[in-house]
Amino acid sequence: MAPPNGISIGQRIKAWEDVRGFSHLQLSQRAGVSYSLLTKVVAGARPATPEFINAVARALTIAPDDLNPAPTYSDGMPADPLAPLMEPIRTALDLFDLPPKEDVHPRPIGALRAAVKHINALAQAADYKPMCQALPGLIAELHCAAYTFSGEQQQQAWGLLAEASRCGHSVGIAIGMPDLSAYALSRMDLAAQQAGDRAPGLRAARSYLRVTAYLRTQDLEACRRLQDAGRAHLEGTDAHTPGALVAQGQLHLGSAVVAARAQDVDLMNHHLDQAERIAQLTGETSDFSLHFGPTNVSVHRVMTLVESGKHDKAVVAARQVRFREGWAPTRVGHHHIDLARANLWLARPEAALNHLDCAYEAAPHQATRHPLVKETVTGLARAGVVRNKGRLSTWITRTGV
């Protein structure tokens, strides 16, 4: 049997047989393996040895890795080539409550602000390798600035340190390390508390970001508690408080997703309407790298329709979505991931693949890692109704499902 959350080697072989137009008999003859063994491996009744995999891969003219499931850690979680870069990030986050290192000399506040904007742009594009390589050094530099600058610039440095720390959350969620995500967001809050008038907005944004992890585990009660905590940080703020309206609007969007998961459509629409009202005041903004505004509200209307099972309405609503140039690639990618899911449920496999291709074009590293993509590819493979088997095989290879 196939593993519950993935595609077995046998299913991969069958998919590639369809692509090449081979029968079991033809493949066994080309690979020089017995027909009986091949049929048993495909059925899941016998394990595939490395020698068997190599022979079959040669016959199919593909790499052996195209038939192997993704490597895993000892605890069964998927391994990721970025994993070795995580420890320096964790160390940098852990130590910024200590006095800074003496050999670190921070740049002026304007240059630091530009560096934080750049590293968050890398995160928003799911360009994780250069982001992970640069993040420890930037955190150390911001840490030094937060301790050595004075007055308003010191508060700005703490705020920038909070914004940089959220990148640890971005990559932690992306590669399946929720402990790193949670730790990065705890350090984000520690820095945000000392960010002056930006503190309420940053702390509320941090509460919104924490919801991401709990959505993945379907802990909706934890999501609601976090959203309430985020709103509490905004008490006493107004439209002149930096980032407060943006954080408030984003919390409404998060609440709409939670309501959709709970199938509470009335509450979902209430939060979407509140977010839209705020978006009319803020316009399109990248404050706190949240990219809040009318476009994000439109995207969340589609997302929540998918989450609430109204897939046909989601496809219709998506026709009104227009992305402006430079909008966050991961948000564009996630929009197409949602539409791929909707089209899978509507039994439109080719349309689902089209949207997966769009997601890959927008943010390839997100599309190959995201659990919703893996879920969609698995669903397409098991349904067995895709006309273009080559496209499906490409996605099986990309995602390692």
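Keep in mind that this is a model prediction, so the values were computed, not measured.

**Q** So what's going on with the overall build of the protein chain? Residues and values would help.
**A** Helix and strand content of the protein chain: 20 helices and zero strands. On C-alpha atoms alone, the protein chain measures out to a radius of gyration of 23 Å, which is about the 21 Å that the 2.2 N^0.38 rule sets for 401 residues. Each of the three principal axes of the protein chain carries a C-alpha extent, and together these read 75 × 55 × 35 Å. Residue burial in the protein chain is summarised as follows: out of 401 residues, 50% are buried. When contacts within the protein chain are restricted to residue pairs at least 6 apart in sequence, long-range pairs at least 24 apart make up 67% of them. Of the roughly 18,200 Å² of accessible surface on the protein chain, a fraction of 53% belongs to carbon and sulfur atoms.

**Q** Describe empty space enclosed by the protein, and please don't skip the residues or the numbers.
**A** Counted by the stated rule, this structure contains two cavities of 30 Å³ or more. Here the largest cavity is characterised by a volume of approximately 40 Å³. Around the largest cavity, the lining residues are N120, E163, R166, M188, A205, L209, F288, S289 and L290. In terms of residue class, the lining of the largest cavity is built from five nonpolar, two polar and two charged. Counted as a void, the second largest cavity has a volume near 30 Å³. Together, R12, A15, W16, D66, S393, I396 and T397 line the second largest cavity. Grouping the constituent residues of the lining of the second largest cavity by class yields three nonpolar, two polar and two charged.

**Q** Can you lay out the environment of D66 for me, pointing to particular residues and giving the numbers?
**A** Relative to the helices and strands, D66 resides in the loop between α4 (50–60) and α5 (86–95). Given a relative accessible area of 15%, D66 falls into the buried group. Separated by 39 residues in sequence, D66 and H105 place their C-alpha atoms 47 Å apart. Apart from the residues within four sequence positions on either side, D66 is in contact with R12, W16 and T397.

**Q** Can you explain the pattern of salt bridges? Please cite residues and give values.
**A** Across all of its chains, the model carries 17 salt bridges by this definition. A salt bridge links D97 to R187; the nearest nitrogen and oxygen atoms lie 3.1 Å apart. Taken as a pair, D97 in the loop between α5 and α6 (109–124) and R187 in helix α9 (residues 178–192) lie far apart in primary sequence, 90 residues in all. Residue D97 is classed as partly exposed on the basis of its relative accessible area, which comes to 42%. For D273, the salt bridge goes to R301, with nearest N and O atoms at 3.0 Å. Linking D273 in helix α13 (residues 265–282) with R301 in helix α14 (residues 294–307), this pair joins segments that are 28 residues apart in sequence.

**Q** Can you tell me about the side chain of T399, naming the residues and giving the values?
**A** Along the chain, the position of T399 falls in helix α20 (residues 389–399). T399 sits in the buried class, given a relative accessible area of 3%. One polar contact links the side chain of T399 to the main-chain carbonyl oxygen of W395, over a distance of 2.7 Å. Not counting chain neighbours up to four residues away, the residues in contact with T399 comprise A367, T368, V373, K374 and V377.

**Q** Mind laying out the layout of surface pockets, listing which residues take part and the relevant values?
**A** Put simply, the second largest pocket is a space of about 570 Å³. In this structure, the second largest pocket is lined by 25 residues; those nearest its centre are K117, E163, S286, D287 and F288. Breaking the lining of the second largest pocket down by element, the ones donating at least two residues are α6 and α8 (151–174). Here the lining of the second largest pocket is composed, by residue class, of eight nonpolar, nine polar and eight charged.

**Q** Go over the packing of aromatic side chains, please, and point to the residues and values.
**A** The full count for this structure, using the stated rule, is three aromatic pairs. Between Y147 and W158, the ring centres sit 5.9 Å apart and the planes meet at 55 degrees, which makes this aromatic pair tilted. Of this pair, Y147 sits in helix α7 (residues 128–148) while W158 sits in helix α8, and the two are 11 residues apart along the sequence. Residue class for Y147 comes out partly exposed when judged on its relative accessible area of 35%.

**Q** Break down the nonpolar core for me, with residues and values.
**A** When a protein is soluble and globular, its nonpolar side chains tend to lie buried together. In terms of nonpolar packing, the biggest core is built from 79 residues, with M86, M131, L135, L142, V171 and F292 touching the most fellow members. If near-sequence neighbours (up to four positions away) are discounted, M131 is found in contact with I119, L122, A123, C167 and V171.

**Q** Talk me through the side chain of R369; I want residue IDs and the actual numbers.
**A** As for its placement among the helices and strands, R369 is situated in helix α18 (residues 364–369). You can call R369 buried: its relative accessible area is 18%. At 3.5 Å, the side chain of R369 forms a polar contact with the backbone oxygen of H365. Ignoring sequence-local partners within four residues, the contact set of R369 consists of D80, P81, L82, Y128, A174, I175 and K374.

**Q** I'd like a description of the state of the cysteines, backed by residues and values.
**A** Applying the stated criterion to the full structure yields zero disulfides. In this structure C144 is a free cysteine whose sulfur lies 20 Å from that of C167, the closest cysteine sulfur available.

**Q** Would you mind going over the packing of helix α10 (residues 199–216) against helix α11 (residues 220–233) in detail, with residue names and values included?
**A** Between α10 and α11, the least distance of the axes is 8 Å, while the angle of their chain directions is 175 degrees. What the angle tells us is that α10 and α11 run roughly antiparallel. Residue-level contacts link P200, R203, A204, S207, R210, V211, Y214 and L215 of α10 to L220, A222, C223, L226, Q227, A229, G230 and H233 of α11. Along the lines of polarity and charge, the residues of the contact of α10 with α11 split into 10 nonpolar, four polar and two charged.

Conventions adopted
Residues numbered from 1 in each chain as written. Predicted model: local features only at pLDDT ≥ 70, side-chain atom pairs only at ≥ 80, totals over all residues. Heavy atoms only, no water. Helix = DSSP H or I, 4+ residues; strand = E, 2+ residues; numbered from the N terminus. Rg over C-alpha atoms; globule rule 2.2 N^0.38 Å. Buried < 20%, exposed > 50% of the residue type's maximum accessible area, 1.4 Å probe, protein only. Contact = heavy atoms within 4.5 Å. Areas by Shrake-Rupley, 256 points an atom, 1.4 Å probe, with all protein chains shown as cover. 1 Å grid on protein atoms, 1.4 Å probe; cavity = no way out; pocket = protein on both sides within 12 Å on 5 of 7 lines; lining within 4 Å. Points joined across faces, edges and corners; volume = space filled by probe spheres on them. Nonpolar A, V, L, I, M, F, W, Y, C, P; charged D, E, K, R; others polar. Salt bridge = Lys/Arg side-chain N within 4 Å of Asp/Glu carboxyl O. Polar contact = N/O pair within 3.5 Å; in protein donor to acceptor, adjacent residues only side chain to side chain. Phe/Tyr/Trp six-rings, centres within 6.5 Å; stacked < 30°, edge-to-face > 60°. Core = buried A, V, L, I, M, F, W, Y, C linked by side-chain atoms within 4.5 Å. Disulfide = S-S within 2.5 Å. Axes fitted to C-alpha atoms, helices over the stretch in contact; angles between N-to-C directions. Parallel < 35°, antiparallel > 145°, perpendicular 65-115°, else oblique.

The values are spatial; any link to function lies outside them.
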